[in-house]
Amino acid sequence: MLARIGAVEVWRVLESEGPLMPVARFFPDLAPQDLARLRPGLPPGAVADDPATGEPWVVLPVQAFLLRTPRALILVDACVGNRKTVVHIPQWNDRRDGRFLAGLAAAGARPEDVDVVLCTHLHVDHAGWTTRRVDGRWVPTFPNARVLASAEDLAHARAQAEAQPDATAGALWRETLAPLLEAGRLDARPLARMAEAEIDPALRLIPTPGHTPGHVSVLIRGEGSGGGEGAGEGAGDAAVTGDLIHSPLQCALPDLCPVVDADPAAARATRAAFLAESARTRRLTFASHFPLPSAGRFRRDGDAFAWEPAF
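Remember, it's a predicted structure, so these values are computed and weren't measured experimentally. Within any chain, residue numbers begin from 1 and follow the written order of that chain's sequence. Only residues with pLDDT of 70 or above have their local features reported here, since the model is predicted, and side-chain atom pairs are shown and tallied only from 80 upward, although totals for entire chains, interfaces and linings are computed over all residues. Note that water and hydrogens are dropped before the side-chain values are worked out from all heavy atoms of the structure.

Asker: What should I look at first to understand the layout of surface pockets in this one?
Answerer: Gaps between atoms show up when a probe of the same size as a water molecule is rolled over them. Here the largest pocket is characterised by a volume of approximately 560 Å³. Throughout, the protein atoms alone are placed on a 1 Å grid, and a set of points is a cavity if a 1.4 Å probe fits but cannot get out or a pocket if it is open with protein on both sides within 12 Å along at least five of seven lines; lining residues have an atom within 4 Å of a point. Lining the largest pocket are 28 residues, and of these H88, H123, Q160, T168 and V260 sit closest to its centre. Each helix corresponds to a stretch of at least 4 residues labelled H or I by DSSP, and each strand to a stretch of at least 2 residues labelled E; elements are numbered beginning at the N terminus. Taken together, the elements giving at least two residues each to the lining of the largest pocket come down to β2 (8-22), α4 (124-127), α5 (151-163) and α6 (168-182). By volume, the second largest pocket amounts to about 210 Å³. Counting only elements with at least two residues in the lining of the second largest pocket, the list comes to α8 (249-252) and β16 (304-309). With four residues, the single largest contributor to the lining of the second largest pocket is β16. Grid points are joined across faces, edges and corners, and a volume is the space filled by probe spheres set on the points.

Structural data, given as structure tokens:
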């Protein structure tokens, strides 16, 4: 178990961890001198040099968080999955390993035990394992679960698939989203109503659009708001970020957006508000793509922020 927040157990289900792409391609607006200045203060494993070229690459874990409450078993995000077509990222393309399902089993869960799969957004590395290939067909991996996502993200994914049928977006629709719709397992709700979604009394969804139009983050409610001396209101709570922030580099440079943000202006506003609230309350945060252990707290650092790993 990674942590306990009130009555909620938080388990990590790690699929992969490694260099994703060159920093200059992932953060095209990041000046090389800023990377050189900030890199010594980054958590270990945030950036790695390509052994052949020496070029710095951003390192991202791909992971899900399994939340076991007294009432339900909820999987937040679903990683990439096996046999998925990911044209633009070779490391994720046509994976064939058992790590994700083994991680689920290590947390004491089988796919059929999961009640809800909550996708913070509908990108392949957060929704992929919602389906798997069986006898040539894509079928729901979690046969008793509803997959909850925003209607805005579903519409965005459909539009991208229609515009780019031969790219990753088209494959995501064919291999993941269309099969879920056909099976009646995808529960897509307007972003404005996601906070009202009846998941579990211990959880609340926070609309955090920008990375995608319907992106949400997850608030795990602790028992009371105690957190020790100096803790703010809500310090007993915790949050799962999804992709509102990708790297500790964005703590020092909150306006820095990765190339994958759909609406950079909205992403900046969302990120600024989330970081400010997290720093104020000192709540524990599970930052989905931060270096392991990916759990820590944000604090104010002048006009920006800093990341303090929790353990």
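Asker: Explain the packing of aromatic side chains to me, please; I cannot follow it from the model alone.
Answerer: Each aromatic ring pair is characterised by the separation of its centres together with the angle its planes make. Geometry of aromatic contacts follows a simple scheme: Phe, Tyr and Trp rings, the Trp one being its six-membered ring, pair when their centres are within 6.5 Å, and the pair is stacked under 30 degrees between planes, edge-to-face over 60, tilted otherwise. Inspection of every chain in the model, using the stated rule, returns six aromatic pairs. Relative to F298, the ring of F290 lies with its centre 6.2 Å away and its plane at 85°, an arrangement referred to as edge-to-face. Considered together, F290 and F298 belong to a single accessibility category, that of buried residues. Their ring planes at 55° and their centres at 4.9 Å tell us that F298 and W307 sit as a pair that is tilted. Here F298 matches W307 in class, with each residue buried. Through successive ring pairs, a cluster of aromatic residues spans F290, F298 and W307. Relative accessibility decides the category of a residue: with a 1.4 Å probe and only protein chains considered, values under 20% of the type maximum give buried, values over 50% give exposed, and everything between is partly exposed.

Asker: Would you mind going over the pairing of β16 with me for this structure?
Answerer: Along any regular strand, the residues point their side chains to alternate faces of the sheet. In short, DSSP must find at least two bridges between two strands for them to pair. Across six bridges, strand β15 (residues 295-301) lies against β16 in antiparallel orientation. When the bridges of β16 are listed, R299 appears paired with A306. Here β15 folds back onto β16 in antiparallel fashion, the turn holding two residues, of which G302 has a positive phi close to 65°.

Asker: Help me understand the sheet that holds β16 in this model?
Answerer: Pairing between the strands of a sheet comes from backbone hydrogen bonds, and it takes one of two forms, parallel or antiparallel. If you walk across this open sheet you meet the six strands as β11-β12-β13-β14-β15-β16, and the pairing is mixed. Among the strands making up the open sheet, the edge pair consists of β11 (203-207) and β16. If you compare each strand with its neighbour and ignore which way they point, the axes differ by 35° on average. Examined bridge by bridge, strand β14 (residues 284-286) and β15 share two bridges and lie antiparallel to one another. Fitted lines through C-alpha atoms give the axes, limited to the stretch in contact for helices. The angle between two N-to-C directions lies from 0 to 180 degrees.

Asker: Sorry, what's going on with the environment of A64 here?
Answerer: Here A64 lies in strand β4 (residues 56-68). Taking the C-alpha atoms as reference, A64 lies 19 Å from D237; in sequence the two are 173 residues apart. For this analysis, residues touch if any pair of their heavy atoms sits within 4.5 Å. In this structure, A64 is in contact with W11, R12, V13, L75, V76, D77, A78, C79 and F100, ignoring residues within four places of it in sequence.

Asker: Is there a simple way to explain the nonpolar core in this structure?
Answerer: Nonpolar side chains in soluble globular proteins tend to be buried together. Buried Ala, Val, Leu, Ile, Met, Phe, Trp, Tyr and Cys residues that are joined via side-chain atoms within 4.5 Å together make up what is termed a nonpolar core. One finds L66, L75 and V117 to be the most contacted residues of the largest nonpolar core, which totals 52 residues. Excluding residues within four positions of it along the chain, L66 makes contact with E9, V10, W11, V13, L73, I74, L75, L104, A107 and A109. In terms of nonpolar packing, the next biggest core, distinct from the first, is built from 28 residues, V8, L118, A197 and I199 among them.

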